[in-house]
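What follows is the residue order along each chain.
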Amino acid sequence: MTTVYDKAKYHYENFEEDLPQKQAYVHTGFFIGWLIEKDMVSEDFQKSFEKLIADFKQRKMTGPEVYEKTGGVFAKDMLTEEGNQFAMFYFDFDTGEYRYHYLEAFDCEPSVYHVEDTWENYDHIKNWIDNEYEYWCEKNE
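Keep in mind the model is a prediction, meaning the values are calculated, not measured.

Here is what the cut-offs are and how they apply
- Residues numbered from 1 in each chain as written.
- Predicted model: local features only at pLDDT ≥ 70, side-chain atom pairs only at ≥ 80, totals over all residues.
- Heavy atoms only, no water.
- 1 Å grid on protein atoms, 1.4 Å probe; cavity = no way out; pocket = protein on both sides within 12 Å on 5 of 7 lines; lining within 4 Å.
- Points joined across faces, edges and corners; volume = space filled by probe spheres on them.
- Helix = DSSP H or I, 4+ residues; strand = E, 2+ residues; numbered from the N terminus.
- Nonpolar A, V, L, I, M, F, W, Y, C, P; charged D, E, K, R; others polar.
- Expected span 1.5 Å × (residues − 1).
- Buried < 20%, exposed > 50% of the residue type's maximum accessible area, 1.4 Å probe, protein only.
- Contact = heavy atoms within 4.5 Å.
- Core = buried A, V, L, I, M, F, W, Y, C linked by side-chain atoms within 4.5 Å.
- Axes fitted to C-alpha atoms, helices over the stretch in contact; angles between N-to-C directions.
- Parallel < 35°, antiparallel > 145°, perpendicular 65-115°, else oblique.
- Left-handed = near helix turned anticlockwise from the far one by under 90°.

Colleague: Help me understand the layout of surface pockets, please; the structure alone is not making it clear to me.
Modeller: Over the atoms a probe the size of a water molecule is rolled, and this reveals where empty space is left. By volume, the largest pocket is sized at about 190 Å³. Along its surface, the largest pocket is lined by His11, His27, Phe93, Tyr98, Arg99, Tyr100, Tyr102, Leu103, Val112 and Tyr113. It is helix α7 (residues 98-105) that provides the largest number of residues to the lining of the largest pocket, a total of 5 residues. Considered class by class, the residues forming the lining of the largest pocket number 7 nonpolar, 2 polar and 1 charged.

Structure, rendered in structure tokens:
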């Protein structure tokens, strides 16, 4: 049984407002996009989703769109060892800082689900993730 970090359905099943289902993919999709950009996805994931990865890297498709097209499940078997170690440190809902940084990075009013899936927003949160990754690397040298 593989570790599941997140599922989009956890979120869209609990929307308090009438939002498009695609909004459930945004916050985790940005993180998955960052992992793709840093080549921290597993060989199996790369082989299975080669076209989607290429489209993301060419900015033809966003991270949330990749997340949706790959089934909306963010799991351990999608990542390299380094990717998993960082995800456990930073993304984990109980102990990680990602969701707090996400809330701080964006004006999440009225909710976290209202952040738009844009390249500008990805680039904004990417800087936060880059900084945390640098901190994590220094801490683990």
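Colleague: I would appreciate a short explanation of helix α8 (residues 119-139) in the present structure.
Modeller: Residues separated by three or four positions in an α-helix point in the same direction, a consequence of the helix having 3.6 residues per turn. Look at α8: 30 Å from first C-alpha to last across 21 residues, which is about the 30 Å you get at 1.5 Å a residue. Those residues of α8 not exposed but buried are Asn121, Tyr122, Ile125, Lys126, Ile129, Asp130, Glu132, Tyr133 and Trp136. Among the structural elements, α2 (26-37), α4 (50-57), α6 (81-90) and α7 are those in contact with the buried residues of α8.

Colleague: How should I be thinking about the nonpolar core in this particular structure?
Modeller: If you look at the biggest cluster of nonpolar residues, it comprises 41 residues, and the most contacted ones within it are Phe30, Phe31, Phe74, Tyr98 and Tyr102. When contributions to this core are tallied by element, the ones reaching two or more residues are α2, α4, α5 (63-69), α6, α7 and α8.

Colleague: Looking at this structure, I do not really get the packing of α2 against α6. What am I missing?
Modeller: The relative placement of two packed helices is expressed as an angle between their axes plus a distance between the axes. Their axes nearest at 11 Å, the elements α2 and α6 cross at an angle of 150°. Between α2 and α6, the crossing angle belongs to the class labelled roughly antiparallel. Classified by chirality, the crossing of α6 by α2 is right-handed. Contact residues: Phe31, Trp34 and Leu35 in α2; Gly83, Phe86, Ala87 and Tyr90 in α6.

Colleague: How should I be thinking about the side chain of histidine 27 in this particular structure?
Modeller: For histidine 27, the location among the structural elements is in helix α2. If we ignore the near neighbours within four places in the chain, the residues touching histidine 27 are Asp6, His11, Tyr98, Tyr102 and Tyr113.

Colleague: What exactly am I supposed to notice about the packing of α2 against α4 here?
Modeller: At their nearest, the axes of α2 and α4 sit 10 Å apart, and the two run at 95° to each other. By the angle class used here, α2 and α4 are roughly perpendicular. Two secondary-structure elements touch here, α2 through Gly33, Ile36 and Glu37 and α4 through Ile53, Phe56 and Lys57. Of the residues assigned to the contact of α2 with α4, the class counts are 3 nonpolar, 1 polar and 2 charged.

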